[in-house]
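Here's the letter readout for the chains.
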Amino acid sequence: MSKSAGPLDDAGIEIDGVGKTFRWRNKGVAEEVVALGKVDFTVRSNEFLAVIGPSGCGKTTLLRTVAGLIKPDRGEIRVGGRPVTGPGEDRAVVFQHFGLFPWKTVVDNVKFPLRMRGVPDKEAAATARANLKKVGLEGFERSYPHQLSGGMQQRVGLARALATDARILLMDEPFGAIDAQTREFMQEQLMKLWDENKKTVVFVTHDLDEAVSLADRILVLSRRPSRVRAVVDVDLPRPRWDYDVRSEPAFAEARRTIWEMLRSDLVEEEEGAGIHAI
Amino acid sequence: MRSERFSPRAALGRAAPHLAFAVVFFGAWELYGRSDDAQLPAVSAVATAMADMTADGSLPSALGSSMQLLVIGFLSAAVAGFVGGVLLGRYRPLDRTLMPFLSALYAVPTVALVPLVLVWLGFGLSGRVTVVFLSCYFPIMMNVYAGVRDTPPELIEVSRSFLVRSEFGLLRTVVIPAAVPFIMSGLRLGIGLGVVGMAVAEVYLRLGGIGALIAAYGATFRLDYLFAAIIPLPLLGLLLTKLFTLIERRADAWRAG
């Protein structure tokens, strides 16, 4: 774990008082929901950060603002000290829905971000192949996404993000749509890849076990309008893929701490139902 | 499936129902045509007429000039339909303003517009091309529109996240590729209606091509020659539609199933 890096290091992310309110009209009536209240947090360079919170708490919204896909209404996000105004070369996103272009072959999907960055075709193809090999998809270059299983599709999504060589990987519940056994295997693969090539990872998940087994730190968000509820350090040795992380006492401890928080939020929500509803 | 080899026997097997129908249908037609009080020329008489018109060059040259009209009208409708469909599908204000009128226009039969075209554009090529254009434009435009409206928003987001910033970039990387199946079926419908428009233009606007043959033989009640002039139209429609189905299948290789 590299704790030395300060917020001004290239791959650090400063989330500075960020808030987001979604507004829309429903049959002529203005409605709104405050997705993010005011989030202050700094992601260290090269750390693996998991973001967890009650469902609908705005985890994905937070990730999308960091990705530059939506603009916050309040506050600012800085990457390497520079304000985020939109998507950038320093960040790559892995989507829950995989986000593969169904009309492109596997290799063309992985080439896509490189071509958009102006990398020549041959070079992009070579990089794409190398990254597909990394995720164990050698031989599937010419397949179309629909011919692959969910787990394999997400490995293409991962290879595409890795191929950009962005220093920050933004993962939005990447294994949420994958069956349980494949998911565990994917987590193991992700740990190996991350050990080989350290990047700043922001990993949004609603799966507590997943968060604890992968992350250095876990950012726990409160329910809407979300704020930082707590930051929990996970004190488990790395590399984590060559032993059973889940049987460690530190795993159980971190898990319990976070579960208590999530649980109390759930209880409050049940009791407050109808009072705090917008 | 691609991997399937072409086998003459299998092809014959697939074609068997059509062939059987053709034999029964044309056989019955031939028998009726040979009877004394027939209102129809026998198939053999139609075939003779067709051979005659081919030999004297009138059918091929008519077909050639009709095809020219069809190609110009269809291609201009394809370009305009594509542009119109993309603009209407992608820009809400334009959609809201124009769509009701376009839908209304879509419902007007092209034949009903022929007199207008005649008044505005006269008998020349531009008038005839306009009739063909009007026949193919709407199915193409409406399909492109539906395809563009159907773009998965999450793929737009993927494209944006990988640094596609301009509207043109989004059209090129997501919106248009995602709409390809719709675009292809629009073109397929368009070409079929284009053949109809072509005949309408040639019969009602200015006699020329196949339309002129139909009108001339119709006026002189030479039914065998009339049929020989009509038959190329459905054949042409069938052939072109089939061609577009093949291209469509090519373009859709990535789709599941």
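Structure's up top.
In every chain, residue numbers begin from 1 and rise along the written sequence. As a convention, the first chain written is A and the first ligand written is 1, with the rest following in written order. Under the rules for a predicted model, residues below a pLDDT of 70 receive no local features and side-chain atom pairs below 80 are neither given nor counted, while totals for whole chains, interfaces and linings still include all residues. Here the side-chain values reflect all heavy atoms present in the structure, with hydrogen atoms and water set aside.

Colleague: For unusual backbone geometry, give the residues involved together with the corresponding values.
Modeller: Residues and elements named next belong to chain A. A cis geometry characterises the amide bond from Arg224 onward to Pro225, with omega recorded as -10°. Secondary structure follows DSSP: runs of H or I at least 4 residues long count as helices, runs of E at least 2 residues long count as strands, and numbering of each begins at the N terminus. Note on placement: Pro225 falls in the loop between strand S9 (217–221) and strand S10 (228–233). With omega at 0°, the peptide bond leading from Arg238 into Pro239 counts as cis. With respect to the helices and strands, the residue Pro239 is situated in the loop between S10 and helix H7 (249–272). At Lys27, a residue that is not glycine, the phi angle is positive and equals roughly 50°. Looking at the secondary structure, you find Lys27 in the loop between strand S1 (13–26) and strand S2 (29–43).

Colleague: Give a description of the sheet that holds strand S3 (residues 48–52) of chain A that names residues and reports values.
Modeller: All names here are of chain A. Here we have 6 strands laid out as an open sheet, ordered S6-S7-S8-S3-S9-S10, and mixed in their pairing. Edge positions in the sheet fall to strand S6 (91–94) and S10, since each of these pairs with one other strand and no more. Within the sheet, the average angular offset between the axes of one strand and its neighbour, ignoring direction, is 20°. Note on pairing: two strands pair once DSSP finds at least 2 bridges between them. In terms of strand pairing, S6 meets strand S7 (residues 168–172) through 4 bridges, oriented parallel. Bridged to Val94 within S7 is Met171. Across the sheet, helix H5 (residues 180–196) touches S3, S7 and strand S8 (200–204), and the angle it forms with S3 is around 140°. For helices, the fitted axis covers only the stretch in contact; all axes are lines through C-alpha atoms, and the angles between them, taken along N-to-C directions, range from 0 to 180 degrees. By definition in these notes, contact holds between two residues if any of their heavy atoms fall within 4.5 Å.

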